[in-house]
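Report on the structure
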Amino acid sequence: MTRLGGSWQNWARSASVVPTRVERPRTPEGVQRAVQAAAAQNLPVKAVGAGHSFTGIAVAPGVLLDLSDMQGLVRADAGTGRATFLAGTRLHRIPGLLAPFGLAMENLGDIDRQSISGAVSTGTHGTGARFGGLATQIVGAVLITAAGEFLRVSVDENADLLPAIALGLGALGILVEITVQCVPAFVVHAIDEPAPLEDVLATLDDRVQAFDHFEFYWFPHTEVALTKRQMRMPESTRRRPLPSFGRWVDETLLSNTVYRAVCATGRAVPAITPPFNRLAVQLTGDREYTDRSHAVFTQRRAVRFREMEYALPAENVVPAFRAVRELIARRGWRIEFPIEVRFAAEDDVWLSTAYGRATGYIAVHRYWRADPTEYFNAVEEIMLEQGGRPHWGKLHTLDAERLRERHPRFDDFLAVRDRLDPERRFDNRYLRRVLGG
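Scope of this entry: the structure provided in the associated data block. Since the structure is predicted, the reported quantities are computational estimates derived from the model, not experimental observations.

**Comments concerning the overall build of the protein**
Scanning the protein for helices and strands turns up 14 helices and 21 strands. In summary, the protein has a C-alpha radius of gyration of 21 Å against a globular reference of 22 Å for 437 residues, a match within 12%. Dimensions along the principal axes, computed over C-alpha positions, put the protein at roughly 60 × 50 × 40 Å. Counting over 437 residues, the protein shows a buried share of 59%. For the protein, the share of sequence-separated contacts (at least 6 apart) that also reach a separation of at least 24 residues comes to 72%. Accessible surface for the protein amounts to roughly 17,500 Å². Of this, 50% is attributable to carbon and sulfur atoms.

And the structure:
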């Protein structure tokens, strides 16, 4: 389906565009025809998923390909654990698609509204020092190149391209199918518990290593860390999920409905932010449960926000966190959103933020109606001093020159881009900034 006019904006309302036209292909062949038509008219073309990137990475000033109609399972093999999905498939649909095969994704981020192609292309990750981001689970893909041709990449075919395609920023082609290396379905035993912030910082490495998945949140203006520690269990383990009412109170009433109202009020009356943050750590983050992996890993986020996240060498997380904490106190800012700290294993995906090193992530957020610039810029300076690499789908100010210094395989990726898209058919302003012309 093709239509002219209209506008597109991302979930965070931090990027928007009025494309020349919008197309909603239903098949890989439909994507191929759209790319060929764009090339014939010398128009740039970009695919969009669910719009959950905070940057302009998906902004399509020419032809916008909305892949919402390209969802579903193409094939799955319980024996190999591999499953292939159409590129527009939303992450929250995948557990149900995999369930008949007894499979699950190895790890997930904490939001599952994204499309799988958008999530892997921007470096989405969860937490766990022994587990990589979503891109590390990709063992194959089919994409449409700038020449309008199908390109199949896997561990058996064009394998040299896989480390680039797995996290390609939308710069190498339009993904139409993605093959994931899954694992047998499992459940997760989770304990969410507040703890003194200083104790958590002093013992952080031990906590990260002791559990399969560990993270913590810190509400500024408090002395408490909300910790989340999780262990993977066999699927046969008895599930003890959160009571429906209790989960609704925590994740809908308090974390979304009430929190949205407080964030909005805090813009007009900043003084309410510190006491509310202190109240929030008393009312939430204290529960124990065992449930299917995806039900534990992901949460519902309805309050709109903007986010910047940096990946650091794991050993630099504590000094960087302390510096951010001191920054907020020194500037006297009233910050309504918590800071999130997560971890990931070293990997070999070329543009991964965890390439070549065990990694910790520090993410900062602001309510979407608040201007994050001053806060984010100051935090970014700290992250850069600590060897940070910015998340590709979250706000940052770096350009190609500075990113090259932080990604050892940056020029290898650019060489693949020159090969697959020499005329920059898939270019936009964001990619010109982060990858160069």
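**Things to note about helix α11 (residues 373–385)**
Compared with the 18 Å implied by 1.5 Å per residue over 13 residues, the 18 Å span of α11 between its first and last C-alpha is a close match. Inspection of α11 places Tyr 375, Phe 376, Ala 378, Val 379, Glu 380, Ile 382, Met 383 and Leu 384 among the buried residues, and these make up the whole buried set. Positive phi shows up at Gly 387, right after α11, with a value of about 80°.

**Thoughts on the sheet that holds strand β8 (residues 82–86)**
Strand order in the open sheet formed by 5 strands is β7-β8-β12-β10-β11, with antiparallel pairing between adjacent strands. Every interior strand has two partners, whereas the edge strands, β7 (73–77) and β11 (150–154), have only one. Taking each pair of neighbouring strands and ignoring which way they run, the sheet shows an average axis angle of 10°. The pairing of β8 with strand β12 (residues 174–181) spans 5 bridges and is antiparallel. When the bridges of β12 are listed, Phe 85 appears paired with Ile 178. The strands touched by helix α1 (residues 28–40) are β8, β10 (138–144), β11 and β12; relative to β12, the strand with the most contacts, the crossing angle is about 145°.

**So, unusual backbone geometry**
Positive phi, close to 60°, is recorded for Arg 13, a residue that is not glycine. Tracing the backbone through its elements, the reader meets Arg 13 in the loop between β2 (8–9) and β3 (16–17). One non-glycine residue, Asn 42, lies in the positive phi region at around 55°. With respect to the secondary-structure elements, Asn 42 resides in the loop between α1 and β5 (45–48).

**Thoughts on the packing of helix α10 (residues 317–331) against α11**
Relative placement of two packed helices is described by the angle separating their axes and the distance separating the axes. Closest axis-to-axis distance for the α10/α11 pair is 10 Å, and the angle between their directions is 145°. As for the relative orientation of α10 and α11, their crossing is right-handed in sense. Seen from α10, the contacting residues are Ala 320, Ala 323, Val 324, Leu 327, Ile 328 and Arg 331; seen from α11, they are Glu 374, Tyr 375, Ala 378, Val 379, Ile 382 and Met 383. Broken down by class, the residue content of the contact of α10 with α11 amounts to 10 nonpolar, no polar and 2 charged.

**Some thoughts on α1**
The end-to-end C-alpha distance of α1 is 19 Å, a good match for the 18 Å that 13 residues give at a rise of 1.5 Å each. Pro 28, Gly 30, Val 31, Gln 32, Ala 34, Val 35 and Ala 38 are the residues of α1 that are buried. Positioned one or two residues after α1, Asn 42 has a phi angle of 55°, which is positive.

**A few points about the environment of Gly 168**
The topology assignment puts Gly 168 in the loop between α4 (162–165) and β12. Residues Gly 168 and Ser 352 lie 184 residues apart in sequence; the distance between their C-alpha atoms is 9.6 Å. The contact partners of Gly 168, leaving out residues within four places of it in the chain, are Ser 121 and Phe 413.

**Section: the packing of aromatic side chains**
How two aromatic rings sit relative to each other is set out by the distance from centre to centre and by the angle between their planes. This structure, assessed with the given rule, holds 8 aromatic pairs. Residues Phe 54 and Phe 305 carry aromatic rings whose centres are separated by 5.5 Å and whose planes lie at 35° to one another, so their mutual orientation is tilted. With a gap of 251 residues between them, Phe 54 in the loop between β5 and β6 (63–66) and Phe 305 in strand β18 (residues 305–313) connect regions that are remote in the sequence. For Phe 54, a relative accessible area of 5% puts it in the buried group. Accessibility expressed as a relative area gives 1% for Phe 305, which makes it buried. Taking the centre distance of 5.5 Å and the plane angle of 45° together, the rings of Phe 305 and Phe 337 count as tilted. With Phe 305 in strand β18 and Phe 337 in the loop between α10 and β19 (339–344), the pair connects residues that are 32 residues apart, well separated along the chain. An aromatic cluster is present here, built from Trp 11, Phe 54, Phe 305 and Phe 337 joined pairwise through their rings. A cation sits over an aromatic face here: Arg 232 above Phe 186, 4.0 Å from the ring centre. A cation over an aromatic ring shows up here: Arg 304 above the ring of Trp 368, its NZ or CZ 5.8 Å from the ring centre.

**Re the pairing of β18**
Within a regular beta strand, the side chains point alternately toward one face of the sheet and then the other, so they alternate between its two faces. Among the 9 residues of β18, 9 are classified as buried, and the element is accordingly described as predominantly covered. Here β18 runs beside strand β20 (residues 359–367); their pairing, made up of 9 bridges, is antiparallel. If you follow Phe 305 over to β20, its bridge partner there is Tyr 367. In the sheet, β18 pairs with strand β21 (residues 389–390) via 2 bridges, with the strands oriented antiparallel.

Reading guide: rules and limits
Residues numbered from 1 in each chain as written. Predicted model: local features only at pLDDT ≥ 70, side-chain atom pairs only at ≥ 80, totals over all residues. Heavy atoms only, no water. Helix = DSSP H or I, 4+ residues; strand = E, 2+ residues; numbered from the N terminus. Rg over C-alpha atoms; globule rule 2.2 N^0.38 Å. Buried < 20%, exposed > 50% of the residue type's maximum accessible area, 1.4 Å probe, protein only. Contact = heavy atoms within 4.5 Å. Areas by Shrake-Rupley, 256 points an atom, 1.4 Å probe, with all protein chains shown as cover. Expected span 1.5 Å × (residues − 1). Pairing = 2+ DSSP bridges. Axes fitted to C-alpha atoms, helices over the stretch in contact; angles between N-to-C directions. Left-handed = near helix turned anticlockwise from the far one by under 90°. Nonpolar A, V, L, I, M, F, W, Y, C, P; charged D, E, K, R; others polar. Phe/Tyr/Trp six-rings, centres within 6.5 Å; stacked < 30°, edge-to-face > 60°. Lys NZ or Arg CZ within 6 Å of the ring centre and 35° of its normal.

By themselves, these observations are geometric and do not establish any function.
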